[in-house]
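Listed below are the residues making up each chain.
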Amino acid sequence: MTFAIALQFAVVLAAIWMGARYSGVGLGLWGAVGLLVLVVAFGVKPTSPPVDVMLIILAVIMAASVMDAAGGIDFLVRVAERIIRANPKYVTIVAPLITWSFSFVAGTGHIVYPLLPVIYETAHQSGIRPERPMAVATIASQQAITASPVAAATAAMIGLFAEKGITQFGLPQILMICVPATLTGVLVAALVSMFIGKDLKDDPEYQTRLAAGQIPAPKAIAERAPLAPAAKQSAYLFLAGVALVVLFGFFPALRTLPGAKGPLDMPIVIEIVMMSVAAIMLAVTKINVDEVPKTATLRAGVVAVIGIFGLAWLGDSFIAAHKDVIVPAIGKWAQAAPWTFAFGLFFASVLLYSQAATTRALMPLGIALGIPPQFLIAMFPSVNGYFFIPTYGSLIAAINFDLSGTTKIGKYVLNHSFMIPGLVATSVAVVTGLAIARGIF
């Protein structure tokens, strides 16, 4: 059984490697090939495709693309540039703080998708290697999930404590530990990211592609054309849509229909709001609708959807087929040495692609092992290991939004752009959380 799982995992890695060689839509297409091999050669039953993630991306990309066609992205980039003009490298610090804040309030990391093109344009036009802010901002959007009061993973933690009669620990204690812990992790990862890779002016691969016309050249501020008349309108409408999503995330009562047992799921809310915002922008700005499909934002979004369709489907199917083997194995490991439980959470999340699913699957084991609740909370950010294998939706989106090609999957798959900021953010968050837990409890 173990040998068969190892062979199937090798197929998953090989599919990612082939997709990385082709990049673009190749990521998703080779993911489908990998899934085909698992189904035909190993009898793996495919799970359902990640429809919600794909629809969320399409919805926010439609709004971002209308804003792009109206000149709104140009306006946002110029606003961002004014903030970081004194030192352009600040984008690598500011971007992850923004994505962390949005995810914290909304309870979902999917809020990062409409921000990615803005982060890319700000970095590229300022001469900063886009990989630096793009990668750490994507990591930050997920780190916030384990600190958010409205995230499904946090709800799972609260429910587990209540179920086990640990009434002295709940949301306040989770926030006291995880908010400063994850923020510290993100800040340290951002500082480290400032030194990752070569500067664009010193990167021969980037300069070659730029000279060949494969990359849209950034324009100096003085060389840019005046903003389109509807640029500010579209940007304000888009930001209002994002604010509305955040509001619905923070106040579930606003998305609870009369007579319903619970609030609408956030994916549905995001899809409805962002598609509606796109339509309102079209009506208000009166731009030619035929210009929307021509935008770089829409093209990048479609490529990201195809990548997620193939790669995320491949990963989900592999994990679902072997969940009963993987989870108990991690449990035996943690029972032998309780301090390793954080590593168990991390590697389970690598395979499960869900903070909430990992929490529900493994945190009861931590309680059964007698690990103090405050230390379980401190280890909570360990469930953010989704980035280790680069098939998660937001990672693929960041790769495709970075038209400079600096954010990428490495030649050996695991040496990708998100590995260093992800490991730094997660490890620092856990260590900081343990220190806080030891100090206040």
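Refer to the preceding data block for the structure.
Everything in this summary refers to the structure shown in the same document.

## Considerations on the nonpolar core
Core analysis: the largest hydrophobic core is formed by 94 residues, its most contacted members being Y113, L116, F238, M274, I308, F387 and F418. Broken down by element, this core gets its largest block of residues, twelve residues, from helix α3 (residues 51–70). What L116 contacts, discounting residues up to four positions off in sequence, is M134, T138, S394, A397, A398 and F401.

## Focus: the packing of aromatic side chains
For the coordinates displayed, the defined rule picks out twelve aromatic pairs. Ring geometry for F346 against F387: centres 5.8 Å apart, planes inclined by 65°, an arrangement best described as edge-to-face. Here F346 is found in helix α14 (residues 341–352), whereas its partner F387 is found in the loop between α16 (373–379) and α17 (393–401), with 41 residues between them in sequence. F387 carries the same exposure label as F346, and that label is buried. Here a set of aromatic residues connected by ring pairs shows up, and it is made of F346, F347, Y386, F387, F388 and Y392.

## Notes on the packing of helix α5 (residues 91–106) against helix α9 (residues 171–193)
Contact pair α5 / α9: the axes reach a minimum separation of 9 Å and the direction vectors enclose 155°. The angle between α5 and α9 places the two elements in the roughly antiparallel class. For the element pair α5 and α9, the recorded crossing hand is right-handed. Taken together, the residues of α9 that come into contact with α5 (itself represented by T92, I93, P96, L97, W100 and F104) are L175, V179, T182, L183, V186, L187, A190, L191 and S193. For the contact of α5 with α9, a count of residues per class yields twelve nonpolar, three polar and no charged.

## Overview of the pattern of salt bridges
Tallied over the entire structure, the rule returns six salt bridges. The closest approach of N and O atoms between D203 and R129, which form a salt bridge, is 2.6 Å. Of this pair, D203 sits in the loop between α9 and α10 (204–211) while R129 is found in the loop between α6 (116–125) and α7 (131–143), placing the two residues 74 residues apart along the sequence. Given the relative accessible area of 9%, D203 is considered buried.

## Description of α3
Over its 20 residues, α3 runs 29 Å from end to end, which matches the ideal 28 Å to within 8%, given 1.5 Å per residue. Immediately downstream of α3, the backbone of G71 shows phi near 95°, a positive value.

## Observations concerning unusual backbone geometry
In the Ramachandran plot, K286 falls in the positive-phi region, its phi being about 60° despite a non-glycine side chain. For V413, which is not glycine, the phi dihedral falls at a positive 70°. Structurally, V413 can be placed in the loop between α17 and α18 (419–440). Using a relative accessible area of 4% as the deciding quantity, one classes V413 as buried.

## Points about a nonpolar patch on the surface
On the surface, F3, L7, V33, V37 and F42 cluster together into a nonpolar patch covering about 410 Å² of accessible area. Elements with a contribution of two residues or more to the nonpolar patch: α1 (2–22) and α2 (26–42). If you tally residues by element for the nonpolar patch, the top one is α2, at three residues. With respect to the helices and strands, L7 occurs in helix α1. We classify L7 as partly exposed; its relative accessible area is 37%.

What counts as what
- Residues numbered from 1 in each chain as written.
- Predicted model: local features only at pLDDT ≥ 70, side-chain atom pairs only at ≥ 80, totals over all residues.
- Heavy atoms only, no water.
- Core = buried A, V, L, I, M, F, W, Y, C linked by side-chain atoms within 4.5 Å.
- Buried < 20%, exposed > 50% of the residue type's maximum accessible area, 1.4 Å probe, protein only.
- Helix = DSSP H or I, 4+ residues; strand = E, 2+ residues; numbered from the N terminus.
- Contact = heavy atoms within 4.5 Å.
- Phe/Tyr/Trp six-rings, centres within 6.5 Å; stacked < 30°, edge-to-face > 60°.
- Axes fitted to C-alpha atoms, helices over the stretch in contact; angles between N-to-C directions.
- Parallel < 35°, antiparallel > 145°, perpendicular 65-115°, else oblique.
- Left-handed = near helix turned anticlockwise from the far one by under 90°.
- Nonpolar A, V, L, I, M, F, W, Y, C, P; charged D, E, K, R; others polar.
- Salt bridge = Lys/Arg side-chain N within 4 Å of Asp/Glu carboxyl O.
- Expected span 1.5 Å × (residues − 1).
- Patch = residues over 30% accessible without salt bridge, like charges linked within 9 Å, V, L, I, M, F, W, Y side chains within 5 Å.
- Areas by Shrake-Rupley, 256 points an atom, 1.4 Å probe, with all protein chains shown as cover.

No statement about biological role is implied by the geometric values presented.
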